[in-house]
Amino acid sequence: MLWPGGLAAEALVKGQADLCVHQISEILPVKGVTLVGPLPRELQKVTTYSAALSSRAATPDVARAFIAFVARPSFKAKLAAAGLDYRE
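Residues numbered from 1 in each chain as written. Predicted model: local features only at pLDDT ≥ 70, side-chain atom pairs only at ≥ 80, totals over all residues. Heavy atoms only, no water.

(A) Here's a closer look at the overall build of the protein. Helix and strand content of the protein: 4 helices and 0 strands. Along its sequence from the N terminus, the protein presents helices and strands in the succession α-α-α-α. Computed over C-alpha atoms, the radius of gyration of the protein comes to 17 Å, more than 25% over the 12 Å expected from 2.2 N^0.38 for 88 residues, which places it beyond the range of a compact globule. Pairs at least 24 residues apart make up 27% of the contacts formed inside the protein by residues separated by at least 6 positions. Within the structure as shown, the protein displays about 7,400 Å² of accessible surface, and the carbon and sulfur contribution to it stands at 58%. Side chains of the protein carry 10 positive and 7 negative charges; the gap between the two charge centres is 8 Å. (Helix = DSSP H or I, 4+ residues; strand = E, 2+ residues; numbered from the N terminus. Rg over C-alpha atoms; globule rule 2.2 N^0.38 Å. Contact = heavy atoms within 4.5 Å. Areas by Shrake-Rupley, 256 points an atom, 1.4 Å probe, with all protein chains shown as cover. Lys, Arg positive; Asp, Glu negative; His and termini not counted. Charge placed at Lys NZ, Arg CZ, Asp CG, Glu CD.)

(B) Just the pattern of salt bridges, in detail. Counted by the stated rule, this structure contains 1 salt bridge. Between Asp61 and Arg64 there is a salt bridge; the shortest N-O distance is 3.2 Å. In this pair, Asp61 and Arg64 are both assigned in helix α3 (residues 60–71), 3 residues apart and thus about one turn of the helix distant. A relative accessible area of 59% places Asp61 in the exposed class. The class for Arg64 is partly exposed, based on a relative accessible area of 46%. (Salt bridge = Lys/Arg side-chain N within 4 Å of Asp/Glu carboxyl O. Buried < 20%, exposed > 50% of the residue type's maximum accessible area, 1.4 Å probe, protein only.)

(C) Inspection of the packing of aromatic side chains at higher detail. Going through the model one piece at a time under the given rule, you end up with 1 aromatic pair. Ring centres 5.1 Å apart and planes at 55° place the aromatic pair Phe69 and Phe75 in the tilted group. Of the residues examined, Phe69 reaches a relative accessible area of 40% and is grouped as partly exposed. (Phe/Tyr/Trp six-rings, centres within 6.5 Å; stacked < 30°, edge-to-face > 60°.)

(D) Representation of the side chain of Ser25. Tracing the chain through its elements places Ser25 in helix α2 (residues 24–27). What makes Ser25 buried here is its relative accessible area of 16%. Not counting the four nearest positions on each side in its chain, Ser25 is found in contact with Ala82, Gly83 and Leu84.

(E) The environment of Val36, seen in detail. In this fold, Val36 is placed in the loop between α2 and α3. Spatially, the C-alpha atoms of Val36 and Ile24 are 9.9 Å apart, while their sequence positions differ by 12 residues.

(F) The nonpolar core, seen in detail. Counting residues in each nonpolar core, the largest one holds 6 residues, listed as Ala8, Ala9, Cys20, Ile27, Val30 and Val33. Once residues within four sequence positions are removed from consideration, Ile27 is found in contact with Ala9, Cys20, His22, Val33 and Leu35. (Core = buried A, V, L, I, M, F, W, Y, C linked by side-chain atoms within 4.5 Å.)

Set out below in structure tokens:
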């Protein structure tokens, strides 16, 4: 069954499903659910996130600072803790 919206893993907690296949970052925040692991590589669909700055940005310096902040190597651990890293 396709979940209509929100955190699909909540269906497990509510007893509406026995299995949830979703993005890791959408499973981790659901209390009472255990992430078993990623799907095999051949079944993975990796989401690549990018950042860009509009040429008409009202506060380009703030936008550049934000992009630099989330792109710094020391921030990688925070992304990984949220399930936003990719490992083979």
